[in-house]
Amino acid sequence: MQDTVAILLFVGVIAYALLGGADFGAGFWDLTAGGAERGRRPRHLIDTSIGPVWEANHTWLIYCLVILWSGFPTAFTAITTTLYLPLILAGLGIVLRGAAFAFRHNAMRTPEQRLYGALFAVSSVLTPYSFGAIAGAIASGRVPTGGNGNAVAGWNHPTSHLGGILAVVVCAYLAAVYLHVEARRADDPGLARYFRDRGLAAGVAAGAVSVAGIFVLHSDAERLFHDLSHVALPLVIGAAVCGIACMLLLLTDRRVLLRQTAAAAVALVVCGWGVAQYPYLLGTHLTLDEAASPRATLQVLIVVACVAGVTVLPSLILLFRLAGRGRLTIH
Amino acid sequence: MLTLDAVLNGLATAADEPAQLLPARQQMAFTLGFHIILVPFGVALTSLTLIAHYRGLRRGDSTALLLARRWSKAAAVLFAVGAVTGTVLTFELGVLWPGLMGTYGAAFGFPFSIEGLFFFLEAIFVSIYIYGWNRLPPWGHFWTGVPVSLSGIGGTASVVAANSWMNQPGGITMRDGKVVDVRPSEVFFNGAFWGETIHMLLAAYIVAGFTVASVYAVGLLRGRDNGYHRTGFLIGFVTAACLMPIQLFVGDTLARDVFNDEPAKFAAIEMVPTTDDHVPETLGGVLIDGEVRYGWQIPDLGSILADFSPSTTIKGLDAIPADVRPSDRTVSIVHLAFDVMVGTGTLLALLAAWFAWLWYRHRQVPRNRWFLRACAVSGLVAVICLESGWVVTEVGRQPWTVVGLLLTKDAVTTEGNIWALFACVLALYCAVAAAAIWVLRSMRRRWRAEGDDNVTVPYGPAPEPEPVAARPGPREQ
């Protein structure tokens, strides 16, 4: 039962990484798009493509938090009492980003838009970094079962920073690939090339960080490294293959499977993390079994997830299809 | 009277309280208080929008359509702020109150998962609805707004389920300080669920209605007496006014439920120091050293309101064991907040009655300037009413977080400097609030200046021309 709930939780994590992550990455490109005039077109594309979907994508985070605290309350408090600093930073980023994005959308004058745009963009880097650092801290066993771990040392170590940097790079990579496809759909070859180049660069960066990560994990989080290189090895290899395939597709200007391979690469990395950590919820000491809520709560969570499967998923598909067909363009 | 000294004394932490408690409570109160103002706009403004939208489509009323479109855009901004401040609250529950989440997360957490489901649907359909103007077929577009209203109602009920469970916890079995069994339906539909949920939902619609009405009342007062302002005023005001009498009834019933089920909170609400019959109703006043001071007392009325008879015995504060008895300060806050809630609620009900009288006589939107002036502040009054209601619920539970099970001082974190965090949160929220108001005002300015919402988006190209048929008709501003 707790395994099912853990899988549901992980589905949420992957969805947030893929969808929320792409939105954050779009913020990264917004940040680096240059001055108001030069960055006008990429920013407009970013605005139109994430405007209708960011709120739904953001909801995955709430889904994850709620499943974590209902299904595994002790682990939730252990995490919040240890990693409150990155959590607060992530929260700060979420407020600034959501508010600034909505405001920019409705602001009239360029200076205002610039201010909101800058906030949106900076927080789009801050938040994934914090979440990556949190994941690194959990994975490397820095969160004690009883909570109240060291507030700074808990996430100020190589694995956490690796997680943070990887999260930012991966978000940027995903966003660039998605936006590239979006630009092609909008029939804008210039922009498509613009985001293709950025996708390639971010892909290379993600690959480099991952390779560097092997060494970091080897010295900093041995158990994680061991399991990643044993149980989770097929997933890691799969991720690498998908990543490389996506780069080749980008290089050869193919459109088919482009987004799918990029998403699969990221999803497989996250899955690898999950598999490597199983059956532990916190690093190497708190198992899913020990952290789980009573049976009835887990049952409720599974039922809610099933109901969500039949109500939310079709709605999400409708939203993405409408957005994808340009039926929800900004006006 | 509350002097500065008393306030400062109140702020000083009691000896047996952890240092984190006061800032954590202040921060929670502030962020909840902030978020709760946005809730009516997420939950109810969309319904008002749909009313206008329906009217617009049904009667071919272009003014109503224009209103619907603008309200939906204002709702979108407020919904976005509501979504992020709500996310902050989920963070805070863990960061500030690990004692609550760690021990009772298994019970108290799952209503939030249901809320998450509704929120998901709401977020999806809000986007479709907002971005669907002029893009989707008219009635199809209207129907995409309906799930927004429905999931707003469902989501509110779920969150209030979690909150009401803290007031009347049930449905769990504890062993060695751990929740070992949960009976989900008893947790969700706990003793306080129906009363609190209905009260809150009505409040959300009333706040949204009066706020919308007050915006257009100001316009009418300033001489913008046209169909646009009259329709906007009527939809908001009539919705709120029709619900106001129901709310008075529900609130009164709820107070009697509190008398039966939560005697400690009732003692604080009515400020009853000692258990007695023939308890007077105290209006205003504070509790100092266990004695009621400065209040205006109406003999026997407290007992009569509690159970329709002057001989009804009301449990006083002395019936609560000394170690979990709320402080004088807490009792005074709850009591005054209750008075403010009932007082402002009654004023709003009188305003509704005034409207009914004027409508009965003239059959049109009243032009009485004093009436419109009252309407202009009604939104603010409704917000005050809503806030004080939440103060009654939340502070009224103290010193418990989960009544009878978990003391607030045991729920609070021991980590970090909460004052510093609180200061940051305060600054951040003030900035967000200022920006939100600024943006809404600039939207209004733009609408007024151009009469149309189809202006350029950030860094965007010129707007593409739209099909003439889909555009709202001549503007009446």
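See above for the structure.
In this report, we go over the structure that sits alongside the text. If you're wondering where the values come from, they're calculated on a predicted model, not measured in any experiment.

**Quick look at the overall build of chain B**
Turning to step 1, where the next piece is worked out: Along its length, chain B carries 15 helices and 8 strands.
Turning to step 2, where the next piece is worked out: Relative to the 2.2 N^0.38 estimate, which gives 23 Å for 477 residues, the radius of gyration of chain B is 24 Å and therefore close to what a compact globule would have.
Turning to step 3, where the next piece is worked out: Considered along the principal axes of its C-alpha atoms, chain B spans approximately 70 × 50 × 45 Å.
Turning to step 4, where the next piece is worked out: Split into buried and exposed, the 477 residues of chain B put 58% on the buried side.
Turning to step 5, where the next piece is worked out: In chain B, 74% of the contacts between residues at least 6 apart in sequence involve partners at least 24 apart.
Turning to step 6, where the next piece is worked out: Working note: accessible area of chain B is about 19,600 Å², and carbon and sulfur atoms make up 64% of it.

**Topic: the pairing of strand β2 (residues 178-182) of chain B**
Residues and elements named next belong to chain B.
Turning to step 1, where the next piece is worked out: Relative to β2, strand β1 (residues 172-175) runs antiparallel, the two being bridged by 4 bridges. Note that in β2 the partner of Thr 173 across the bridge is Asp 181.
Turning to step 2, where the next piece is worked out: Here β1 folds back onto β2, and the loop between the two strands holds 2 residues, one of which, Asp 176, carries a positive phi near 50°.

**Brief notes about the nonpolar core**
Turning to step 1, where the next piece is worked out: Grouped together as the largest cluster of nonpolar side chains are 237 residues, with contacts concentrated most on A:Phe72, A:Phe103, B:Trp97, B:Leu100, B:Phe108, B:Phe233 and B:Phe237.
Turning to step 2, where the next piece is worked out: In terms of residues, this core owes the most to one element, helix α3 (residues 62-96) of chain B, which gives 19 residues.
Turning to step 3, where the next piece is worked out: Membership of the second largest hydrophobic core comes to 25 residues, among which are B:Leu287, B:Leu317, B:Val334 and B:Val392.

**Some remarks on the interface of chain A and chain B**
Turning to step 1, where the next piece is worked out: Between chain A and chain B, the residue contacts involve 73 residues of the former and 67 residues of the latter.
Turning to step 2, where the next piece is worked out: Between chain A and chain B, roughly 6,400 Å² of surface is buried when both sides are summed, and carbon and sulfur atoms account for 73% of that area.
Turning to step 3, where the next piece is worked out: If you look at where chain A meets chain B, you find 0 salt bridges.
Turning to step 4, where the next piece is worked out: In this structure, the connection of chain A to chain B is made through 4 residue pairs in polar contact (both at pLDDT 80 or more).
Turning to step 5, where the next piece is worked out: Contributing elements (two or more residues each) for the side of chain A that touches chain B: α2 (40-50), α3 (54-71), α4 (73-82), α5 (84-106), α6 (110-139) and α13 (295-324) of chain A.
Turning to step 6, where the next piece is worked out: By residue number, the principal contributor to the side of chain A that touches chain B is α5(A), which donates 16 residues.

**Section: the packing of aromatic side chains**
Geometry of an aromatic ring pair is reported as the spacing of the ring centres plus the angle between the planes.
All names here are of chain B.
Turning to step 1, where the next piece is worked out: Across all of its chains, the model carries 40 aromatic pairs over all chains by this definition.
Turning to step 2, where the next piece is worked out: Here Tyr 54 and Trp 139 contribute two aromatic rings whose centre-to-centre distance is 5.8 Å and whose plane-to-plane angle is 75°, an arrangement assigned as edge-to-face. Highlighted residues: Tyr 54 in helix α2 (residues 21-59) and Trp 139 in helix α6 (residues 138-167), separated in sequence by 85 residues.
Turning to step 3, where the next piece is worked out: Given a relative accessible area of 33%, Trp 139 falls into the partly exposed group.
Turning to step 4, where the next piece is worked out: When the ring of Phe 193 is compared with that of Trp 194, the centres are 4.9 Å apart and the planes differ by 75°; the resulting orientation is edge-to-face.
Turning to step 5, where the next piece is worked out: By relative accessible area, Phe 193 is classed as buried at 2%.
Turning to step 6, where the next piece is worked out: Here the aromatic residues Phe 210, Phe 233, Phe 237, Trp 354, Phe 355, Trp 359 and Phe 371 are joined through ring pairs into a cluster of three or more.

**Some words on the side chain of B:His141**
Turning to step 1, where the next piece is worked out: With respect to the helices and strands, the residue B:His141 is situated in helix α6.
Turning to step 2, where the next piece is worked out: B:His141 gets classed as buried once you look at its relative accessible area, which sits at 2%.

**Overview of the pattern of salt bridges**
Turning to step 1, where the next piece is worked out: All told, the structure shown has 12 salt bridges over all chains when counted by the stated rule.
Turning to step 2, where the next piece is worked out: A salt bridge links A:Asp188 to A:Arg41, with the nearest nitrogen and oxygen atoms 3.0 Å apart. With a gap of 147 residues between them, A:Asp188 in the loop between α7 (158-185) and α8 (189-220) and A:Arg41 in helix α2 connect regions that are remote in the sequence.
Turning to step 3, where the next piece is worked out: The salt bridge partner of A:Arg142 is A:Asp220, with a shortest N-O separation of 3.1 Å. With a gap of 78 residues between them, A:Arg142 in the loop between α6 and α7 and A:Asp220 in helix α8 connect regions that are remote in the sequence.
Turning to step 4, where the next piece is worked out: On the basis of relative accessibility, which here comes to 25%, the residue A:Arg142 falls in the partly exposed class.
Turning to step 5, where the next piece is worked out: Residues joined in a network through salt bridges with shared partners are B:Asp225, B:Arg230 and B:Arg367.

Analysis parameters
- Residues numbered from 1 in each chain as written.
- Chains lettered and ligands numbered in written order.
- Predicted model: local features only at pLDDT ≥ 70, side-chain atom pairs only at ≥ 80, totals over all residues.
- Heavy atoms only, no water.
- Helix = DSSP H or I, 4+ residues; strand = E, 2+ residues; numbered from the N terminus.
- Rg over C-alpha atoms; globule rule 2.2 N^0.38 Å.
- Buried < 20%, exposed > 50% of the residue type's maximum accessible area, 1.4 Å probe, protein only.
- Contact = heavy atoms within 4.5 Å.
- Areas by Shrake-Rupley, 256 points an atom, 1.4 Å probe, with all protein chains shown as cover.
- Pairing = 2+ DSSP bridges.
- Core = buried A, V, L, I, M, F, W, Y, C linked by side-chain atoms within 4.5 Å.
- Buried area = accessible area lost by both parts, 1.4 Å probe.
- Salt bridge = Lys/Arg side-chain N within 4 Å of Asp/Glu carboxyl O.
- Polar contact = N/O pair within 3.5 Å; in protein donor to acceptor, adjacent residues only side chain to side chain.
- Phe/Tyr/Trp six-rings, centres within 6.5 Å; stacked < 30°, edge-to-face > 60°.

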